[in-house]
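# Residue-level structure breakdown
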Amino acid sequence: MRHRLDLAIGPVAFRIGSDWRAPLDALRLLYGGYPAPEGVADFTVRLEAERPWRRFVRPSVAIRGDYILPDAAPLSLAHGLLAAEMGMNLQMALGQRRFLLLHASAVERDGRALLMTGHSGAGKSTLAALLGERGWRFLGDEFALVDLETGALHPFPRAISLKNEALALFGDVEPDRLGPVLAGTPKGRIRHLRPRADAVARMAETARPALILFPRYGRDLAPEIRPVGSAEIFVRLTQASTNYVALGEPGFAALSGLVTGVPARAIDYPDTEAAVVLVDQLWNKLG
Amino acid sequence: MSAARDLVRLLADPSGANGVGDWTALLAVARAESLAGSLAFRLEGQKVPPRVEAILAAARRDAVQGRIQALWEAEMARRALAPLGLPVILLKGTAYVAAGLPAAIGRSIGDLDILVPRAALPEVERALLAHGWEWVKDDDYDDLYYRTWMHELPPLIHKERDRMIDVHHTILPLTARRRPDAAALIAASLALEGGLAVLSPADMIVHAAAHLFADGDLAGGLRNLWDIDRLLRHFAAAPDFWPVLHERASRHQMLAPVLRAGRLANDLYGTPVPEGWRVWDSADPLFKSRLLARDGWGRATRPALRLGFYARAHLLRMPPTMLARHLWTKARKGHRANP
């Protein structure tokens, strides 16, 4: 393809090709400081014109690659950076078979990981990003990669996609860590945030899952911690996994390892500060 | 040189693994051609970089799981259809897996394809609908078209397992010029343990060649030709295999596609075929170019050639006047759908 960028994020390498220069320039800036990948890429992402002339006329970016969703809608060239991010997500969600993949965010302290998973809008991404600014090591806000042999969590510290109101919480981060403001995307107003340097520098360092949280955000909810039965944990994690069924028995073993070996709680919270208090409370009780 | 050619060369001779320059391109082509699992097994034990080995190991694991799912889907169909007391013949990937053939190693398997006697279609349809399968298409024209002119029922999907089943009553559309002998396919089929069956070796080749060269636009052709390579190498060990194949191919009006399959498998994958099969054919280079039309990004290349084969697929499928009527109906529907 005309333009190419290779990116290594945790244990996964991507080759991203594009018909236009701009999306890759934005990506290069956002991922400044990430190590260059060595050798083969796990996945190829292609950002290409839907039809040859659409490279010039009302440019529209189709997200393609090794794995394709046939009815995925193209994005405008102004949202090319988002297209690249979505392209990487798509490859992971459809093609990743080296790890059990959970749609979850994760942070680490002292070699132990806190996993958060829930429906979109539950705040798992914002929470992980916030904790990552406050002494935790950020592991990822989109996918948690569980090693099929050891059960360890592999960091996947992609740029964090901050949506709508969440943007205001990160007003004081170093400006060079922020990507361009993408207004009017299918997911609303988005701005990407590069994780802190330690998260990038230590992205080959795995962590042992120590606590699973199912957060629930609601402006009118009282802060609350609730126990969750193991059957419910199991079902919620299978729902959170994109490749649990495809992995077969190894996927079942890794997922039940989490259920039986890692404590889990549901938390309700009315604002992020309340959530941070609940997380600290639970984490300190782990001892 | 096309990246697809590198893939073909490596499948034919895995010892070339240490000469691979761009593994990323090779994997992209293999995935685009649904050959990643086959390649991963073919390269098992070869010296490759550790990161490549991790990717290949995952592809092998994926293929093993796909095999389990395919066999389970076949078993589900067997249970649904067993009370009818009919021959239920597995086709394509699921058949290779169920019969333990080398073509099954690493093969990706999507839908379940079965062949049943045409007269039994209504009761097969009823039994499947009663066991959780449902229609994919809800368009009256498509439905009528399938039932009148196709070699299979409109596709059904299982509502819980989300897997498709294609119920065939012969191996080419009824509108095609060539008319395979469906009764002979069923009569010569070989029963497997447990109540299912597969086509006889020669008929299996005939079907694979029909699927590749007498129907469709050669999409996924490298994988289908790889099936043919694996099947021919395996079956050729039996005495009289080649004359029997010749006789069966003629009987099903499928001699030219079978000979072409043999020639191109020989050319691309080095498949041993009888001396007399290796003649020059003016159209082979076109077919070969079409099979190899993919670049190192996994993109389809040679759009004009692809379009030509796309047009050919429709002409093979039906006479021109009927084709015109069909395309007219489809275009009007498309127009209505996208005002």
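Predicted model, so just to flag it, every value in this text is computed and none were measured.

### A word on the overall build of chain B
Counting its regular elements, chain B contains 15 helices and seven strands. For a compact globule of 339 residues, the expected C-alpha radius of gyration is about 20 Å, and chain B comes in at 20 Å, within 12% of that figure. Here chain B holds 339 residues, and 51% of them are scored as buried. Only carbon and sulfur atoms are counted for the fraction: they give 56% of the accessible area of chain B, which is about 15,200 Å².

### Quick look at the pairing of strand 6 (residues 99–103) of chain A
Residues and elements named next belong to chain A. Counting buried positions over the five residues of strand 6 gives four, a clear majority of the element. Here strand 6 pairs with strand 10 (residues 143–147) via five bridges, running antiparallel. Bridge assignment links phenylalanine 99 to a residue of strand 10, and that residue is aspartate 147.

### Brief notes about unusual backbone geometry
Residue and element names in this part refer to chain B. Positive phi is not limited to glycine here, since leucine 218 has a value of about 70°. Among the residues examined, leucine 218 registers a relative accessible area of 3% and is labelled buried. A positive phi angle, close to 55°, is found at glutamine 253, a residue other than glycine. One can find glutamine 253 in the loop between helix 11 (241–251) and helix 12 (255–269).

### Details of the pattern of salt bridges
Opposite charge on two side chains lets them pair, provided their charged atoms get close. Residues and elements named next belong to chain B. One pass over the full model with this rule turns up 43 salt bridges over all chains. Aspartate 203 is the partner of arginine 248 in a salt bridge, and the nearest nitrogen-oxygen pair spans 2.8 Å. Here arginine 248, found in helix 11, pairs with aspartate 203, found in helix 9 (residues 201–213); they are 45 residues apart in sequence, far enough to count as distant. Relative accessible area serves as the criterion here: at 0%, aspartate 203 is assigned to the buried category.

### Some points on the sheet that holds strand 5 (residues 75–76) of chain A
Residues and elements named next belong to chain A. Taken in spatial order, the five strands line up as 1-2-3-4-5 in an open sheet, and their pairing is mixed. Whereas interior strands pair on both sides, the edge strands pair on one side only; in this sheet they are strand 1 (3–9) and strand 5. Bridge analysis of strand 2 (residues 12–18) against strand 3 (residues 43–49) gives five bridges, and the strand direction is parallel. Bridging across to strand 3, arginine 15 finds its partner in threonine 44.

### Some thoughts on empty space enclosed by the protein
Following the criterion strictly, the structure yields one cavity of 30 Å³ or more and no others. Computed from the structure, the largest cavity encloses a volume of approximately 30 Å³. What lines the largest cavity is simply Arg97, Ala246 and Leu247 of chain A together with Ala58, Arg61 and Asp62 of chain B. For the lining of the largest cavity, the element with the most residues is helix 4 (residues 50–81) of chain B, which contributes three residues. Grouping the constituent residues of the lining of the largest cavity by class yields three nonpolar, no polar and three charged.

### A word on the packing of aromatic side chains
Residue and element names in this part refer to chain B. Taken as a whole and judged by the stated rule, the model has 16 aromatic pairs over all chains. Geometrically, the ring pair formed by phenylalanine 213 and phenylalanine 287 is edge-to-face, given 5.4 Å between the ring centres and 85° between the ring planes. Residue phenylalanine 213 is found in helix 9, and its partner phenylalanine 287 is found in helix 13 (residues 284–291); the two are separated by 74 residues along the sequence. For phenylalanine 213, a relative accessible area of 3% gives the class buried. Centroid distance tryptophan 242 to tryptophan 277: 5.1 Å. Interplanar angle 75°. Geometry classified as edge-to-face.

### Details of the domain arrangement of chain A
All names here are of chain A. When the domains of chain A are assigned, the result is domain 1 (3–95) and domain 2 (99–158 + 195–286). Carbon and sulfur atoms make up 69% of the surface buried where domain 1 meets domain 2, a total of about 1,200 Å² over both sides. Area buried by domain 1 at its contact with domain 2 is led by Pro11, Tyr34 and Met92, which between them contribute 41% of it. Counting across the interface, domain 1 meets domain 2 through one salt bridge. Glutamate 85 is the salt-bridge partner of arginine 158, the closest N and O atoms lying 2.7 Å from each other. Counting across the interface, domain 1 meets domain 2 through four residue pairs in polar contact (both at pLDDT 80 or more). Every element with two or more residues in the side of domain 1 that touches domain 2 is listed here: strand 1, strand 2 and helix 2 (80–95).

### Overview of helix 10 (residues 221–235) of chain B
The terminal C-alpha atoms of helix 10 of chain B, which comprises 15 residues, lie 21 Å apart, in line with the 21 Å expected from a rise of 1.5 Å per residue. Most of helix 10 of chain B sits out of view: 13 of its 15 residues are buried.

### Details of the sheet that holds strand 11 (residues 153–154) of chain A
Residues and elements named next belong to chain A. Strand order in the open sheet formed by three strands is 6-10-11, with antiparallel pairing between adjacent strands. Each edge of the sheet is formed by a strand with only one pairing partner; in this case those strands are strand 6 and strand 11. Set on the sheet, helix 2 makes contact with strand 6 and strand 10; between it and strand 10 the angle comes to about 35°.

### Quick notes on the packing of helix 5 (residues 230–240) of chain A against helix 7 (residues 249–261) of chain A
Residue and element names in this part refer to chain A. Orientation of helix 5 relative to helix 7, taken along the N-to-C sense of each, is 135°, at an axis distance of 9 Å. Accordingly, the angle class assigned to the pair helix 5 and helix 7 is oblique. Relative to helix 7, the crossing made by helix 5 is right-handed. Residues Ser230, Ile233, Phe234, Leu237 and Thr238 of helix 5 lie in contact with helix 7, whose contacting residues are Phe252, Leu255, Leu258 and Val259. A per-class count over the contact of helix 5 with helix 7 returns seven nonpolar, two polar and no charged.

### Re the interface of chain B and chain A
The partner chain A presents 28 residues to the 19 residues of chain B that form the contact. Buried area between chain B and chain A, summed over both chains or domains, comes out near 1,900 Å², and the portion from carbon and sulfur atoms is 50%. Summed over the three residues of chain B that lose the most area to chain A, namely Arg31, Arg51 and Trp297 of chain B, the buried surface amounts to 39% of that side. Notably, a salt bridge pairs aspartate 62 of chain B with arginine 97 of chain A, separated by 2.9 Å at the nearest N-O pair. Where chain B meets chain A, there are 11 residue pairs in polar contact (both at pLDDT 80 or more). Those elements that place two or more of their residues in the side of chain B that touches chain A are helix 2 (23–32) and helix 4 of chain B. Here the side of chain B that touches chain A gets nine residues from one element, more than from any other, and that element is helix 4 of chain B.

### Focus: helix 3 (residues 124–132) of chain A
Across the nine residues that make up helix 3 of chain A, a large majority, nine, are buried. Within helix 3 of chain A the residues assigned to the buried category are Lys124, Ser125, Thr126, Leu127, Ala128, Ala129, Leu130, Leu131 and Gly132 of chain A.

### Structural notes on the side chain of lysine 92 of chain B
Note that lysine 92 of chain B resides in helix 5 (residues 92–98). Contacts of lysine 92 of chain B, omitting those with residues within four sequence positions, involve Asp113, His168, His207 and His211 of chain B.

### Structural notes on the environment of arginine 28 of chain A
All names here are of chain A. Along the chain, arginine 28 turns up in helix 1 (residues 22–30). Note: C-alpha distance between arginine 28 and aspartate 6 (22 residues apart in sequence) is 9.3 Å. In this structure arginine 28 touches Arg4 and Leu5, once residues within four positions along its chain are discounted. Only 3.0 Å separates the side chain of arginine 28 from the side chain of aspartate 25, close enough to count as a polar contact.

Rules of the game
- Residues numbered from 1 in each chain as written.
- Chains lettered and ligands numbered in written order.
- Predicted model: local features only at pLDDT ≥ 70, side-chain atom pairs only at ≥ 80, totals over all residues.
- Heavy atoms only, no water.
- Helix = DSSP H or I, 4+ residues; strand = E, 2+ residues; numbered from the N terminus.
- Rg over C-alpha atoms; globule rule 2.2 N^0.38 Å.
- Buried < 20%, exposed > 50% of the residue type's maximum accessible area, 1.4 Å probe, protein only.
- Areas by Shrake-Rupley, 256 points an atom, 1.4 Å probe, with all protein chains shown as cover.
- Pairing = 2+ DSSP bridges.
- Salt bridge = Lys/Arg side-chain N within 4 Å of Asp/Glu carboxyl O.
- 1 Å grid on protein atoms, 1.4 Å probe; cavity = no way out; pocket = protein on both sides within 12 Å on 5 of 7 lines; lining within 4 Å.
- Points joined across faces, edges and corners; volume = space filled by probe spheres on them.
- Nonpolar A, V, L, I, M, F, W, Y, C, P; charged D, E, K, R; others polar.
- Phe/Tyr/Trp six-rings, centres within 6.5 Å; stacked < 30°, edge-to-face > 60°.
- Domains from an automatic or database assignment.
- Buried area = accessible area lost by both parts, 1.4 Å probe.
- Polar contact = N/O pair within 3.5 Å; in protein donor to acceptor, adjacent residues only side chain to side chain.
- Expected span 1.5 Å × (residues − 1).
- Contact = heavy atoms within 4.5 Å.
- Axes fitted to C-alpha atoms, helices over the stretch in contact; angles between N-to-C directions.
- Parallel < 35°, antiparallel > 145°, perpendicular 65-115°, else oblique.
- Left-handed = near helix turned anticlockwise from the far one by under 90°.

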